[in-house]
Amino acid sequence: MAANRSLTLPYDPELAVSDAPLLEQSDEAEVSRSSGQSRQRPVKVLAGIFLSSLFLLTLILTLFQGQEEPRDQSQMINANLNKSSPSSPVSPHSLIPASRGVPQGVSEKTFRGVSDANDVYPWTNAMLSWQRTSYHFQPEKNWMNDPNGPLFHMGWYHLFYQYNPDSAIWGNITWGHAVSRDLIHWLYLPFAMVPDRPFDINGVWTGSATILPGGQIVILYTGDTADLVQVQNLAYPANLSDPLLLDWIKYPGNPVMIPPPGIGKKDFRDPTTAWLAPDGTKWLVTLGSKVNKTGIALVYETSDFKGYRLLDGVLHAVPRTGMWECVDFYPVSTTGDNGLDTSANGPGTKHVLKASLDENKHDYYALGTYDPKNNKWTPDDPELDVGIGLRLDYGKYYASKTFYDQNKKRRILWGWIGETDSEAADLMKGWASVQTIPRTVVFDKKTGTNILQWPVEEAESLRFNATEFDTVKLEPGSIAPLNIGSATQLDIIASFEVDSEALEATVEADVGYNCTTSGGAASRGKLGPFGLLVLADGSLSELTPVYFYISKSTDGSAETHFCSDESRSSKAPDVGKLVYGSTVPVLDGEKLSARLLVDHSVVESFAQGGRRVITSRVYPTKAIYGAARLFLFNNATGVSVTASAKIWHMRSADIRTFSDL
């Protein structure tokens, strides 16, 4: 039964209360199963047809368009980095994409970060085909967003995900389903759940899985009702002995949670994995909401996952952070190297609280202490609280979710990598969005202030043909090609040592430096930038620098920045070209180090063992297929850098439908 209670929040002048409508429960149960012929709800089909027709002419006209011949390679990277992007051919058509998701009460699903959004680049089939990744998970076609309910069951890793079976744009959200033995090679399964009941008719939205002590699996997910009310629903496997978990039952008493008084009907979503209360008989689950501009995490208590009681107060609240989506809450060990079950607590444990902020589309986390008696979480550092401090990923990354892998005693993190090109291009290529390579999450025992994220070890099984470059000396303003052949699918580990005498002699350099406002790798300073150029063509007309930049104060203290610059990644005007980044802790005696996973249009970059991570989407027009190249560079003006790198090419993952076996 759904339960309503009044909210009691710490005093905040922004808080206000408004009643939310209630929703009657359904009386019927249903086994949800699809074999690819699932019932499809009507969506904006006419709009899709119109958009496809609108750009068909452009596609035909540009299908056989050749590419420019590369220019002579410059010996000095600064000249190339400062050149303005060549003007691109522009389609006679233009499109301002419609807002998607917001009218239904979720975050914006249309990318609006293109300054020249009205210009549609005449992409060729070859360009669009190259953009599809080779070892990241993505569906065969159409739209995907949040990862949902990941779990391990009877030898298989399961991933559910938000999916539109009808189009490469958001809508008609269904739960896609895939399984893997190793988190790398995947089999597509029939849809797990489709929007077909009154409590989810407008979308089977984000949710999480909980594995109970006896092995039973329960899923709590947000449903969007016919009245556009966000409610929480229960589902469970029809046959727990089925390793593939093909059939799912929606509980006939759904919804099990409805917006309580004081919470808007569109501000109540994304339940987490549940954890055991201290008495060992009840379970607790948190989900995201807001009151005015204060982001909050509500907590409900249940003994059977059918009836719920809203606990007094909130798990945590942060003013001026807005709506919290996709909340995640889990423990990390401060002493061991393994992950922890979600119910773990006590000495040697900290808790991570993470929220995806609807207002800026970033995932923020903080470390803190969980008090189960009072149901409160307190950040270790209030200045690094949720929404105002650390981010899981400083690039294109959102709606992440972790799960505890009882198979290998580790906590694994998934994240959604959205597109940053035009909706028109997505419709032409027929798909949109990718999931990150799964990452392990552990507490950083060296700094004590952050987590470490690292690609799961299984990703290394795709490596082949390693090439090493040792102690490459990079003078100020220099570039060094790394001759490895095509650089489209790579795993790169690199380290950099700055000339210690020059670093020590530098009294002050770039105080207040910020990656995102710096102007990118073209902005030269005494102590940076230096790093790698990925997905570059031979003439450096397109390139994506991933780099370090050191700033130094007059008191002698240095601050290291880790950045990714998309500003010259593509000649196309209708793609995002941002500069991402953050400061990164570097301890005494540590070299600057980075690992990069390059997979066509996705670049995942990890600094200092995963203390900071940046995910970039790039859409080159020339640096594709065999023309993609890799370079080291040093664009600093006052320091030499010695670099070493080990580079593997990466095989493609085997990702296909289960029926293809």
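Every residue gets a number counted from 1 within its own chain, in the order that chain's sequence is written. Local features in a predicted model are, by the rule used here, given only for residues with pLDDT of at least 70; side-chain atom pairs are given and counted only at 80 or more, and totals for whole chains, interfaces and linings are based on all residues. With hydrogens and water set aside, each side-chain value is computed from the structure's full complement of heavy atoms.

K.L.:
Explanation requested: the overall build of the chain in the structure shown.
P.N.:
To qualify as a helix, a DSSP run of H or I must reach at least 4 residues; to qualify as a strand, a run of E must reach at least 2; elements of each kind are numbered from the N terminus. The number of helices and strands found in the chain is five helices and 39 strands. In the chain, buried positions account for 61% of the 661 residues. By definition in these notes, contact holds between two residues if any of their heavy atoms fall within 4.5 Å. Partitioning the contacts of the chain with sequence separation of at least 6, the portion at a separation of at least 24 is 68%. Note on areas: Shrake-Rupley with a 1.4 Å probe; residue coverage comes only from the protein chains shown. Carbon together with sulfur atoms contributes 52% to the accessible area of the chain, which is approximately 24000 Å² in total. When accessible area is computed with a 1.4 Å probe and restricted to protein chains, residues below 20% of their type maximum are described as buried, those above 50% as exposed, and intermediate ones as partly exposed.

K.L.:
Just to check I follow, could you spell out unusual backbone geometry for this structure?
P.N.:
Peptide bonds are trans in most cases, and residues, glycine excluded, mostly fall at negative phi. Following Asn254, the chain continues to Pro255 via a peptide bond in cis, the omega torsion being 0 degrees. Here Pro255 is to be found in the loop between strand 9 (248-250) and strand 10 (268-269). Residue Pro529 is bonded to the preceding Gly528 through a cis peptide linkage, with omega at 10 degrees.

K.L.:
Explain the pairing of strand 5 (residues 186-193) to me, please; I cannot follow it from the model alone.
P.N.:
On a regular strand, one side chain projects to one face of the sheet and the next to the other, so that they alternate. For strand 5, the tally of buried residues reaches seven of eight residues, placing the bulk of the element in the interior. Paired strands are those between which DSSP finds at least two bridges. What sits between the antiparallel neighbours strand 4 (residues 174-180) and strand 5 is a turn of five residues, in which Leu183 has the positive phi angle 70 degrees. Judged from the three bridges that link them, strand 5 and strand 39 (residues 655-657) form a sheet pairing that is parallel. Bridged to Tyr188 within strand 39 is Thr657.

K.L.:
How should I be thinking about the sheet that holds strand 2 (residues 142-153) in this particular structure?
P.N.:
In a beta sheet, neighbouring strands pair by backbone hydrogen bonds and run either parallel or antiparallel. In space, the six strands of this open sheet follow the order 23-2-3-4-5-39, with mixed pairing throughout. Both outer strands of the open sheet, strand 23 (431-432) and strand 39, are each paired with one neighbouring strand and no more.

K.L.:
It is not clear to me how the pairing of strand 36 (residues 612-617) should be interpreted in this structure. Could you clarify?
P.N.:
In terms of burial, strand 36 is largely enclosed, as six of its six residues are buried. On strand 36, burial covers both faces: Arg612, Ile614 and Ser616 on one face and Val613, Thr615 and Arg617 on the other are all buried. Bridge count between strand 35 (residues 602-607) and strand 36: six bridges; the pairing is antiparallel. In the strand pairing of strand 36, Phe606 is matched with Val613. Between the end of strand 35 and the start of strand 36, which pair antiparallel, lie four residues, with Gln608 showing a positive phi angle near 50 degrees.

K.L.:
Hey, could you run me through the nonpolar core in this one?
P.N.:
In globular proteins that are soluble, nonpolar side chains generally tend to be buried together. Membership of the largest hydrophobic core comes to 66 residues, with the highest contact counts inside it found for Trp123, Phe496 and Leu630. In terms of residue count, the dominant contributor to this core is strand 29 (residues 489-498) (five residues). The split into domains, and so the bounds of each, comes from an automatic or database assignment of domains. Mapping this core onto the domain boundaries places at least three of its residues in each of domain 1 (146-455) and domain 2 (464-650). In contact with Phe496, not counting residues within four places along its chain, are Phe530, Gly531, Leu532, Phe548, Lys591, Leu592, Leu632, Val641, Thr642 and Ala643. Among buried residues, those of type Ala, Val, Leu, Ile, Met, Phe, Trp, Tyr and Cys that are joined through side-chain atoms within 4.5 Å constitute a nonpolar core.

K.L.:
Just to check I follow, could you spell out the confidence of the model for the chain for this structure?
P.N.:
What pLDDT expresses is the predictor's confidence in each residue, scored from 0 to 100. The pLDDT averaged across the chain works out to 87; a share of 83% of its residues lies at or above 70. With pLDDT under 50 throughout, residues 32-95 is counted as low confidence; its partners more than four residues away or in other chains account for 120 contacts.

K.L.:
Is there a simple way to think about the environment of Tyr547 in this case?
P.N.:
Inspection of the secondary structure puts Tyr547 in strand 31 (residues 544-552). Counting along the chain gives 16 residues from Tyr547 to Cys563, while the straight-line C-alpha distance between them is 5.4 Å. Pairing of N or O atoms within 3.5 Å defines a polar contact, subject to two protein rules: one partner must be a possible hydrogen donor and the other a possible acceptor, and residues neighboring in sequence count only if both atoms are side-chain atoms. Among the polar contacts listed, one links the side chain of Tyr547 to the backbone nitrogen of Ala521, at a separation of 3.4 Å.

K.L.:
Help me out: how do you make sense of the side chain of Asn148 in this one?
P.N.:
Mapped onto the elements, Asn148 comes out in strand 2. Polar side-chain contacts of Asn148 include one of 3.2 Å to the side chain of Trp175. A polar contact is formed between the side chain of Asn148 and the side chain of Thr206, at a distance of 3.4 Å. Discounting residues that sit within four places of it in the chain, Asn148 has contacts with Leu159, Phe160, Tyr161, Gln162, Trp175, Trp205, Thr206, Gly207 and Lys401.

K.L.:
What is the right way to look at the packing of aromatic side chains in this model?
P.N.:
The relative placement of two aromatic rings is captured by the distance of their centres and the angle of their planes. Only centres within 6.5 Å qualify two rings of Phe, Tyr or Trp (six-membered ring in Trp) as a pair; their planes then separate them into stacked at under 30 degrees, edge-to-face at over 60, and tilted for everything else. Enumeration over the complete set of coordinates arrives at 26 aromatic pairs. When the ring of Phe268 is compared with that of Tyr300, the centres are 6.2 Å apart and the planes differ by 70 degrees; the resulting orientation is edge-to-face. Note that Phe268 is positioned in strand 10 and Tyr300 in strand 13 (residues 294-302), a separation of 32 residues in sequence. As far as burial versus exposure is concerned, Phe268 and Tyr300 are alike and both buried.

K.L.:
Which parts of the structure should I look at to understand the state of the cysteines?
P.N.:
Between two cysteines, a covalent bond joining their sulfur atoms is known as a disulfide. Cysteine sulfur atoms are paired as a disulfide whenever they fall within 2.5 Å. Scanning the entire structure with this criterion turns up one disulfide. Residue Cys515 pairs covalently with Cys563 via a disulfide, S to S 2.0 Å. Between Cys515 and Cys563, the disulfide has an S-S torsion of -60 degrees and is therefore left-handed. With Cys515 in the loop between helix 5 (500-505) and strand 30 (530-536) and Cys563 in strand 32 (residues 558-565), the pair connects residues that are 48 residues apart, well separated along the chain.

K.L.:
Please clarify how the pattern of salt bridges should be interpreted in this entry.
P.N.:
As a working rule, side chains carrying opposite charge can pair if their charged atoms are close by. Definition used for salt bridges: Asp or Glu carboxyl oxygen within 4 Å of a side-chain nitrogen of Lys or Arg. Going through the model one piece at a time under the given rule, you end up with 31 salt bridges. Across the salt bridge formed by Lys250 and Asp196, the nearest N and O atoms sit 2.8 Å from each other. Taken together, the residues span a long stretch of sequence, with Lys250 in strand 9 and Asp196 in the loop between strand 5 and strand 6 (204-211) at a distance of 54 residues. Across the pair, exposure class does not vary: Lys250 and Asp196 are buried alike. Notably, a salt bridge pairs Glu475 with Lys473, separated by 3.7 Å at the nearest N-O pair. Residue class for Glu475 comes out partly exposed when judged on its relative accessible area of 39%. Residue classification places Lys473 among the exposed positions, given a relative accessible area of 51%. A single network of salt bridges, built from pairs that share partners, joins Asp405, Lys408, Arg410, Glu457 and Glu458.

K.L.:
Just checking my understanding: could you explain the sheet that holds strand 33 (residues 579-583) for this structure?
P.N.:
Strands sit in the order 28-37-30-31-32-33 across an open sheet of six strands; the sheet is antiparallel. Sheet topology places strand 28 (478-481) and strand 33 at the edges, where each strand pairs with a single neighbour. Within the sheet, the average angular offset between the axes of one strand and its neighbour, ignoring direction, is 20 degrees. Angles shown run from 0 to 180 degrees and are taken between the N-to-C directions of axes, each axis being a line fitted to C-alpha atoms and, for helices, limited to the stretch in contact.

K.L.:
Where do I start with the environment of Arg132 in this structure?
P.N.:
If you trace the backbone, Arg132 turns up in the loop between helix 3 (125-131) and strand 2. Taking relative accessible area as the criterion, Arg132 reaches 24% and is therefore assigned partly exposed. Between the alpha carbons of Arg132 and Asp599 there is a distance of 8.5 Å; along the sequence they are 467 residues apart. Ignoring anything within four residues of it in the chain, the contact list for Arg132 reads Gln138, Pro139, Glu140, Tyr188, Trp431 and His600. Separated by 2.5 Å, the side chain of Arg132 and the backbone oxygen of Pro139 make a polar contact.

K.L.:
Is there a simple way to think about the side chain of Arg612 in this case?
P.N.:
Structurally, Arg612 can be placed in strand 36. Note on charges: Lys and Arg go in the positive column, Asp and Glu in the negative column, and His and the chain ends are not counted at all. The buried charged residue Arg612 lacks any salt bridge partner; its closest oppositely charged side chain belongs to Asp444, at an N-O distance of 7.1 Å. In terms of polar contacts, Arg612 uses its side chain to reach the side chain of Ser582, at 3.3 Å. Within the local environment of Arg612, its side chain forms a polar contact with the backbone oxygen of Thr583, the two atoms lying 2.8 Å apart.

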